[in-house]
Amino acid sequence: MSTPRRILVTSALPYANGPIHIGHLVEYIQTDIWVRFQKLRGNECIYICADDTHGTAIMMSAQRTQCTEEQWIKQIQQEHMRDFAGFQIEFDNYGSTNCPENYALCKEFWQAFKDAGLIEQREVTQLFDDQQGIFLADRFVQGSCPHCDAEDQYGDSCDQCGATYSARELKNPTSTLTGSVPIEKSADHLFIMIEQLHEFLSDWSQSGEHLQTEIANYLQGHFLHEPLRDWDISRPAPYFGFEIPDHLGHFWFVWWDAPIGYIASTQQYCARTGGDLNSWWKNIDTEIHHFIGKDITYFHTLFWPAMLKVADYTLPTKVHIHGFLTVGGKKMSKRDGTFIKAETYLKHVDPTYLRYFYASKLNGKVDDLDLNIEEFVAKVNSDLVGKVVNLASRTAKFVQELGLATKYPDDGGLFAQGAAAGEAIAEAYESCNYNLAMRLIMELADEANPYVETHEPWKLRKDPARQDELQNICTVAINLFRQIIIYLSPVLPELVEKTESLLGEQLNSWEQAKIPLTGSPVAKFNHMLKRLEKKDLQTMIDETREENDAQAADAAKSMANPPAESTENQPAPPETDDAATEPTVDHPYSDSDQPLKDEPLADEISFDDFMKVDLRVARVVKAEHVEEANKLLKLTLSLGGDETRQVFAGIKQAYDPADLEGRLVIMVANLAARKMRFGLSEGMIAAAGPGGEEVFMLAIDEGALPGQRVH
RNA sequence: GGGCCCGUAGCUCAGUUGGUUAGAGCAGGGGACUCAUAAUCCCUUUGUCGGCGGUUCGAGUCCGUCCGGGCCUACCA
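Predicted, not measured: the structure shown is a model, and the values here were computed from it. (Residues numbered from 1 in each chain as written. Chains lettered and ligands numbered in written order. Predicted model: local features only at pLDDT ≥ 70, side-chain atom pairs only at ≥ 80, totals over all residues. Heavy atoms only, no water.)

1. Brief notes about the overall build of chain A
Selection rule: Counting from the N terminus, the helices are the DSSP runs of H or I reaching at least four residues and the strands are the DSSP runs of E reaching at least two. Each residue is assigned to one of three classes by its accessible area relative to the maximum for its type, calculated with a 1.4 Å probe on protein chains only: buried under 20%, partly exposed between the two thresholds, exposed over 50%. The contact definition used throughout considers only heavy atoms, calling two residues in contact when any of these lie within 4.5 Å. We get accessible surface area from the Shrake-Rupley algorithm with a probe of 1.4 Å; when it comes to residues, only the shown protein chains can shield them.
Broken down by element type, chain A carries 21 helices and 26 strands. When the 711 residues of chain A are sorted by exposure, 52% land in the buried category. Sequence separation of at least 24 residues holds for 73% of the intrachain contacts in chain A that already meet a minimum separation of 6. As displayed, chain A offers around 32300 Å² of accessible surface, 49% of which is attributable to carbon and sulfur atoms.

2. Observations concerning the domain arrangement of chain A
Here is the rule: Domain segmentation is taken from an automatic or database assignment of domains. Buried area: the accessible surface (1.4 Å probe) lost by two parts on joining, summed over both.
By domain assignment, chain A separates into domain 1 (1-118 + 194-322), domain 2 (121-192), domain 3 (349-514) and domain 4 (607-697). In this structure, domain 1 and domain 3 have C-alpha centres spaced 37 Å apart. Of the residues lining the interface, 27 residues belong to domain 1; the matching set on domain 3 comes to 29 residues. Interface of domain 1 and domain 3: buried area, both sides summed, is about 2500 Å²; carbon and sulfur atoms make up 62% of it.

3. Focus on the protein's contact with RNA strand B
Our working rule: Consider each residue's heavy atoms; a residue with any of them within 4 Å of a molecule or strand counts as near. N or O atoms closer than or at 3.5 Å make up a polar contact, with two conditions inside protein: a donor-capable atom paired with an acceptor-capable one, and, for residues adjacent in sequence, both atoms drawn from side chains. The nonpolar class holds Ala, Val, Leu, Ile, Met, Phe, Trp, Tyr, Cys and Pro. Asp, Glu, Lys and Arg form the charged class, and all remaining residues, Gly among them, are polar.
Around RNA strand B sit 34 residues, and of these G221, S393, R394, E453 and L529 come closest. Sugar plus phosphate, as a fraction of atoms of RNA strand B within 4 Å of the protein: 72%. Contact distances for RNA strand B include 3.3 Å between a sugar or linking oxygen and a side-chain N or O atom of E375. In terms of residue count, the dominant contributor to the surface near RNA strand B is helix α12 (residues 373-393) (8 residues). A class-by-class count of the residues in the surface near RNA strand B yields 8 nonpolar, 10 polar and 16 charged.

4. Looking at the side chain of E500
To keep things clear, this is the line we draw: In this tally, Asp and Glu contribute negative charge and Lys and Arg positive charge; neither His nor the terminal groups of the chain are included. Each reported salt bridge corresponds to a side-chain nitrogen of Lys or Arg within 4 Å of a carboxyl oxygen of Asp or Glu.
Of note, E500 is situated in helix α17 (residues 493-503). Although E500 lies buried, it forms no salt bridge, and the closest oppositely charged side chain, R482, sits 9.5 Å away as judged by the N-O distance. Discounting residues that sit within four places of it in the chain, E500 has contacts with E505, Q506 and L507.

5. A closer look at the packing of aromatic side chains
We count it as follows: What counts as a ring pair is set by centres within 6.5 Å for rings of Phe, Tyr and Trp (its six-membered ring), and what kind of pair is set by the plane angle: stacked under 30 degrees, edge-to-face over 60, tilted for all other angles. By definition, being over a ring means that NZ of Lys or CZ of Arg is both within 6 Å of the ring centre and within 35 degrees of the ring normal.
Per the stated rule, a full pass over the model turns up 33 aromatic pairs. Geometrically, the ring pair formed by F299 and F303 is tilted, given 5.9 Å between the ring centres and 50 degrees between the ring planes. In this pair, F299 and F303 are both assigned in helix α9 (residues 297-311), 4 residues apart and thus about one turn of the helix distant. There is no split in this pair, since F299 and F303 are both buried. Every member of this aromatic cluster is reached through a ring pair, and the members are Y218, F223, W231, W255, Y298, F299 and F303. Sitting above the plane of the W280 ring, R6 keeps its charged end 3.9 Å from the centroid.

6. Section: the sheet that holds strand β15 (residues 325-327)
The following threshold applies: At least two bridges found by DSSP between two strands is the condition for calling them paired. The convention used is that axes are lines fitted to C-alpha atoms, helices contributing only their stretch in contact, and that angles between N-to-C directions extend from 0 to 180 degrees.
As summarised here, the arrangement of the 3 strands in space is β16-β15-β17, forming an open sheet in which the pairing is mixed. If you trace the sheet from one side to the other, it starts and ends with β16 (330-331) and β17 (369-371), each paired once. Note: β15 against β17, 3 bridges, orientation parallel. Directly across from L325, in β17, lies its bridge partner L369. Sitting on the sheet, helix α1 (residues 22-40) touches β15 and β17, and the angle it makes with β15 is about 135 degrees. Contacts from helix α11 (residues 351-361) reach β15 and β17, with the element oriented near 145 degrees to β17.

7. Observations concerning α9
This is how it is decided: Helices are assigned an expected span. That span is 1.5 Å times one less than the residue count. Here the bend at each residue means the angle between axes fitted to two seven-residue stretches, the one ending at that residue and the one beginning there.
The end-to-end C-alpha distance of α9, which contains 15 residues, comes to 21 Å, matching closely the 21 Å that a straight helix rising 1.5 Å per residue would cover. At W304, α9 shows its largest bend, some 30 degrees, and a proline, P305, comes one to four positions later. Burial of α9 is extensive: 13 of the 15 residues sit out of reach of the surface. At the exit of α9 stands D312, carrying a positive phi of roughly 65 degrees.

8. Topic: a negative patch on the surface
Under the convention used in this document: Residues qualify for a patch when their relative accessible area is over 30% and they have no salt bridge, like charges being joined within 9 Å and the nonpolar side chains of Val, Leu, Ile, Met, Phe, Trp and Tyr within 5 Å. The atom standing in for a charge is NZ when the residue is Lys, CZ when it is Arg, CG when it is Asp and CD when it is Glu.
Among the surface-exposed residues, E151, D152, D701 and E702 lie close enough to one another that they form a single negatively charged patch. You can see D152 is positioned in the loop between β6 (141-144) and β7 (153-154). When its relative accessible area of 55% is taken as the criterion, D152 is described as exposed.

9. Remarks on the sheet that holds β6
Note on sheets: strands pair through backbone hydrogen bonds, and any given pair is parallel or antiparallel. Here we have 3 strands laid out as an open sheet, ordered β7-β6-β8, and antiparallel in their pairing. Of all strands in the sheet, those with a lone pairing partner are β7 and β8 (171-175), marking the two edges. The sheet contact formed by β6 and β8 spans 3 bridges and is antiparallel. Considered in β8, the bridge of S144 is made with K171.

10. Some details on the pattern of salt bridges
All told, the structure shown has 33 salt bridges when counted by the stated rule. Here D542 and R545 are joined by a salt bridge, their closest N and O atoms 3.5 Å apart. Of this pair, D542 and R545 both sit in helix α18 (residues 534-557), 3 residues apart, roughly one helical turn. Accessibility expressed as a relative area gives 27% for R545, which makes it partly exposed. A cluster of three or more residues bridged by salt bridges with shared partners is formed by R82, D83, K341, E343 and E547.

11. Thoughts on the side chain of H250
Relative to the helices and strands, H250 is located in strand β12 (residues 250-252). A residue is classified by how much of its surface remains accessible, and H250, at 15% relative accessible area, is buried. Within the local environment of H250, its side chain forms a polar contact with the backbone oxygen of D188, the two atoms lying 3.3 Å apart. Once residues lying within four places of it in the same chain are set aside, the contact partners of H250 are D188, S234, R235, P236, F242, E243 and I244.

12. Some words on the environment of I215
Here I215 shows up in helix α6 (residues 213-224). On the accessibility criterion, I215 (5% relative accessible area) is buried. With 104 residues separating them in the primary sequence, I215 and V319 have C-alpha atoms 9.8 Å apart. For I215, the residues in contact, after removing those within four places along its chain, are T297, T301, I321 and V366.

13. Structural notes on the nonpolar core
Short version of the rule: Here, nonpolar core refers to any group of buried Ala, Val, Leu, Ile, Met, Phe, Trp, Tyr and Cys residues whose side-chain atoms link them within 4.5 Å.
Ranked by internal contacts, the top residues of the largest apolar core, which has 167 residues, are I22, W256, W281, Y358 and Y429. With 13 residues, helix α16 (residues 467-488) is the single largest residue contributor to this core. Both of domain 1 (1-118 + 194-322) and domain 3 (349-514) provide at least three residues apiece to this core. Here W281 is in contact with L8, Y262, I263, T266, I288, H290, W304, L308, Y313 and T314, once residues within four sequence places are set aside. Membership of the second largest hydrophobic core comes to 22 residues, among which are A57, I58, A137 and A167.

14. Quick word on the environment of E44
Looking at where E44 falls in the secondary structure, it is placed in strand β2 (residues 44-51). Separated by 130 residues in the primary sequence, E44 and T174 have C-alpha atoms spaced 54 Å apart. Those residues in contact with E44, other than ones at most four positions away along the chain, are P4, R5, R6, I7 and W280. At a separation of 2.9 Å, a polar atom in the side chain of E44 contacts the side chain of R6.

15. Concerning unusual backbone geometry
Cis rather than trans, the peptide bond between A237 and P238 has omega equal to 0 degrees. For P238, the location among the structural elements is in the loop between β11 (234-236) and β12. A positive phi is found at Q66, a non-glycine position, where the angle reads about 55 degrees. With respect to the helices and strands, Q66 occurs in the loop between α2 (56-64) and α3 (69-86).

Spelled out as structure tokens, the structure:
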């Protein structure tokens, strides 16, 4: 065997502003599997992580719950660690970016940048919330677009006309924190002139060794083709973070200290275990592997390598970037109950299932991966229960008294074949192509079950003269099972423990899959894995929905000072920053979900589909009762000029014709005419509501003209 | 508008440096078994490999183009 590799592995630091959900878990499970695999192979490997604890959002959360930031992040960290443990994610050290080790390292990196002459001071004018005493990041300001006057736009760009601008250009700006009108205020900021590292970053990122090709292309296309912009690395007080020693009153931006937290957490690991930090972070013989989501790519592939380079630390061997989780083909959503917290999942469903399912979907690419409920159930039950566990469950009890044969019997080469497959499976794990690894392993299970089938141990059992034969058959079956469990052990640690109890043997090395187990006793077989029931998943989803409803109700109660909360980050691990975090203000209204239940959303359409519908502003020039009709009014609509349409609208119980004449409505102008009992209807009026008296027509703001199209 | 990724059986996907009649699992259909968690085993149906054009003796695999899906980013690439 080759000499053991020395490998340091990290997952992105989860932001200490919200709970872990199943989207986060894609990454932590992916990483945990990789780490367990490396350890199983005999490599020296440590898994390092920590909570990311600094920044404005944390400050706001602490304020809202009326505790100190330290109290807040401590509690969140405990929740995070509890949830990770629940999913059998095993860190060698789990720290916090808010620790003395991290501060010291931040200073060291800072000094290196100063020595290299890469820091520059400049004055920046920003909007400032006087009431809160805080500078406002773009996403914390709302106002009207300076170009098209669209209302309620954020401070960076307009989602109506697409214009980009600075927050200071917004008309009638308000702070989303307090609702007050922000003022302009200047402050000094410190910038890193990262352009000076351009050549290094091009070489490093384009070498083909460290990044997936699509990521390298992305960096080239978006950043490296032009001079790199200076990086604003400081934030003026108040800010929850580390104060910059030689610029008191200013703090390092959270993205400075967050990745350095990887090193700080390693340092804690070394202190605890008597190791040497430099042997991990300043040693070209140590591999460094970062696992991250695609949302934080450029922090880890541009800024972070630059920081390591300047401070003279080892550069990452590989940055493994994964996509987001979708559920049922759609983004996770609170409304659908698919925004499932780790905690909620664990109340209803075995974590083993999710670990296996993610493993079966992960392929080492940046593609998003989908959790489909039906597929989830089918895969887990068919593969794990039906194929793998079944092997033990159908044979173990036959040899409970006999134990395993002392000599491994002739099995027609099955075990040897499984042993030979080990290298291909290992390669698949190594390259994060777990999907392939799972397929290769299941092929082995597909060979093993027919073996049992054709040798019919249940018949031999009844014949006292053929007990040796029975023992041999079961020895083979149990060994094939054991081999499969070893290969699956990075994914399913719990199943390994159960197998260890069954066989009275520690399974902790990949090599064990090459040598059959013989002559040892077999314990009483206990159920290893329940079948996954769809109804358990449904219960979990229902509960998630209820949690969200309750949360919305709470938010409505405490709407006096709407908090800026950012727990709704996309599935990927949200190490976060002011710009990347979308502080989705949980809106204060608690509208019922009934209308959507009554009439679920229609299938998605393309833009072109939408454009087929020609909606027009029209003026009601005449409105009359239709005597024999219960629901209909006969309207004459003008599209301007001589263009008029006769439309029968089912709004009789809701509107008095006299009130309608003269007002503007929205009509579907290109709908095929329809012959009705009372005449021809040449279009429809746009309105909402269940019907009867509850019909509400669309109104349009002053200034719109009949005939104008609605876009 | 630009960039990247993707488009193979009903579903999830494999298809190695282009090479013979395109595969697996699941689902579906038929049969067998009863040790096992209504698990297992055997047999079995299905594909204009998104469309078109090109290179080649030969293309799912290379090139061009178009259509469709996703993501990223914008009057910069």
